[in-house]
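# An overview of the molecular structure
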Amino acid sequence: MILHNYELSLPSYSVGENVYNLIGEKCLPYGKNILVIGGTRAIAAAKEKIEKAVRLAGMTILEYVVYGKDCTYAAVEKLRNLPVYTRSDMVFAVGGGKALDTCKNLCIVDNKPLFTFPTIASNCAACTSVSIMYKEDGTFLKPHFFLHPAIHAFIDTEIMAGAPDRYMWAGIGDTYAKYYEAEISSRGEVLQHFTALGVAMSKECLEPLVRYGAEALADNKTGKNSYALEQTVLAIVVTTAIVSIFLTRDFTPDYNSGLAHAVFYALTTYPVIEREHLHGEVVGFGVLIALLCDGQEEEFAKIYALNKELGLPTKLEDIGITPEQFEEAMGRIPEMSDVKHYPYKITRNMLQSAMERL
Ligand SMILES: [Zn+2]
């Protein structure tokens, strides 16, 4: 057994329609001058509410800066060299995963106070201690881990309700995958404290989505903030982040991924995946394969029905992949690092019969 000496910081967050009113209380202790970094559309969606709250708090926004296009080390460096960055007391990161991850890699590394303002419910970037880094050509590079997340995440559900629904739609697929992947990867093991907590809590990445997912998505389509939407946002943004922080504390072995993600990463070879589909959408399809390979009939039926109801993919055609392409990808899936730590060896035969059944 390993004796640990470690630090683990959990995210601090607030959720609701009026959370920006807490800006003064949460941010003023760090200074008055704010640099806002984010995506163009995200800044447009949040600007009015942020400015009102900042004014009430007696603080100042020095400038709005667009983060770039992808979360790359070059984009981080470019922001680091801005004079306004040096002058600011803190950064407000506004946007989806890539904008927030760029700001995390900038500010957490520099020890600059950082607050996140997620505007879409597509993933848990607002609350995690990791940035997903990309190469200059827009393809995946690696995860970059930190010791702690941003100081506080302001999760405004009204803004998220007004965002395009495809983000929450895909976020749902990536979120329920977290439960199945954690549960299967850890099966039969006596787990240490943080991993055990992560696996236990991962159940909450599934249940709220089965209960509220469809209603939340319908509300998102009409821009209506509701209890169902709030519960779904919390599962996608907060629960998944906490689970991921616990499950990656040890970095290896990996309980934080599994066959659904292996399917996704093996398919990214085909440009149609990155060009026309979202990460969580394809991962949600991968969960169906994972459950069939695992022999979980009841769970498969449940997720198949959920995907049908939400319009998430249930067949190859839905993700623009041909049977020949999948045939080829089956050679790569068992080799993906996501299934290095798995209770059994994934074989081509297993994938083949899962695909036939599907
Ligand atoms: Zn994912």
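Reading the values: rules and limits
- Residues numbered from 1 in each chain as written.
- Predicted model: local features only at pLDDT ≥ 70, side-chain atom pairs only at ≥ 80, totals over all residues.
- Pairing = 2+ DSSP bridges.
- Helix = DSSP H or I, 4+ residues; strand = E, 2+ residues; numbered from the N terminus.
- Axes fitted to C-alpha atoms, helices over the stretch in contact; angles between N-to-C directions.
- Contact = placed C-beta atoms within 7 Å.
- Buried ≥ 20, exposed ≤ 12 C-beta atoms within 10 Å, placed from the backbone.
- Right-handed = clockwise from strand over helix to strand, strands pointing away.
- Parallel < 35°, antiparallel > 145°, perpendicular 65-115°, else oblique.
- Left-handed = near helix turned anticlockwise from the far one by under 90°.
- Nonpolar A, V, L, I, M, F, W, Y, C, P; charged D, E, K, R; others polar.
- Domains from an automatic or database assignment.

### Details of the sheet that holds strand S4 (residues 90-95)
The parallel open sheet is built from six strands, whose spatial order is S1-S8-S5-S4-S2-S3. Both outer strands of the open sheet, strand S1 (13-16) and strand S3 (60-66), are each paired with one neighbouring strand and no more. On average, adjacent strands in this sheet sit at an angle of 20° to one another, irrespective of strand direction. Pairing analysis gives four bridges linking S1 to strand S8 (residues 152-156), with the strands arranged parallel. Residue pairing across strands places Gly 16 opposite Asp 156, the latter belonging to S8. Each of strand S2 (33-38), S4 and strand S5 (114-118) is contacted by helix H5 (residues 97-110), which is oriented at about 165° to S4, the strand it contacts most.

### Notes on the pairing of S2
Taking burial as the measure, the six residues of S2 include five buried ones, the bulk of the element. In terms of strand pairing, S2 meets S3 through six bridges, oriented parallel. Pairing of Gly 38 across the sheet is with Val 66, part of S3. Taking the sense of rotation as the criterion, the β-α-β connection linking S2, helix H2 (residues 40-57) and S3 turns out right-handed.

### Some thoughts on the environment of Tyr 20
Along the chain, Tyr 20 turns up in the loop between S1 and helix H1 (23-27). Considering only alpha carbons, one finds Tyr 20 and Thr 128, 108 residues apart in sequence, at a separation of 20 Å.

### Some thoughts on the packing of helix H13 (residues 279-293) against helix H16 (residues 348-357)
Packing of H13 against H16 leaves a shortest axis separation of 9 Å and a crossing angle of 115°. The orientation of H13 with respect to H16, classified from their angle, is roughly perpendicular. By crossing handedness, the relation of H13 to H16 is classed as right-handed. Here H13 contributes Ile 289, Leu 292 and Cys 293 to the contact with H16, which in turn contributes Met 350, Leu 351, Ala 354, Met 355 and Arg 357. Within the contact of H13 with H16, the residues separate by chemical class into seven nonpolar, no polar and one charged.

### Thoughts on the domain arrangement of the chain
When the domains of the chain are assigned, the result is domain 1 (13-161) and domain 2 (165-357). Here domain 1 and domain 2 have C-alpha centroids that lie 26 Å from each other. With 21 residues of domain 1 in contact, the opposing surface of domain 2 contributes 24 residues. Elements with a minimum of two residues in the side of domain 1 that touches domain 2: S1 and helix H6 (157-161). Among the elements that make up the side of domain 1 that touches domain 2, the one with the highest residue count is H6 (four residues). Looking at the side of domain 1 that touches domain 2 residue by residue, the classes come out as 13 nonpolar, six polar and two charged.

### Details of the pairing of S5
The element S5 is largely enclosed, with a buried count of five among its five residues. The alternating pattern of S5 places Leu 114, Thr 116 and Pro 118 and Phe 115 and Phe 117 on opposite faces, both of which are buried. Judged from the five bridges that link them, S4 and S5 form a sheet pairing that is parallel. Considered in S5, the bridge of Gly 95 is made with Pro 118.

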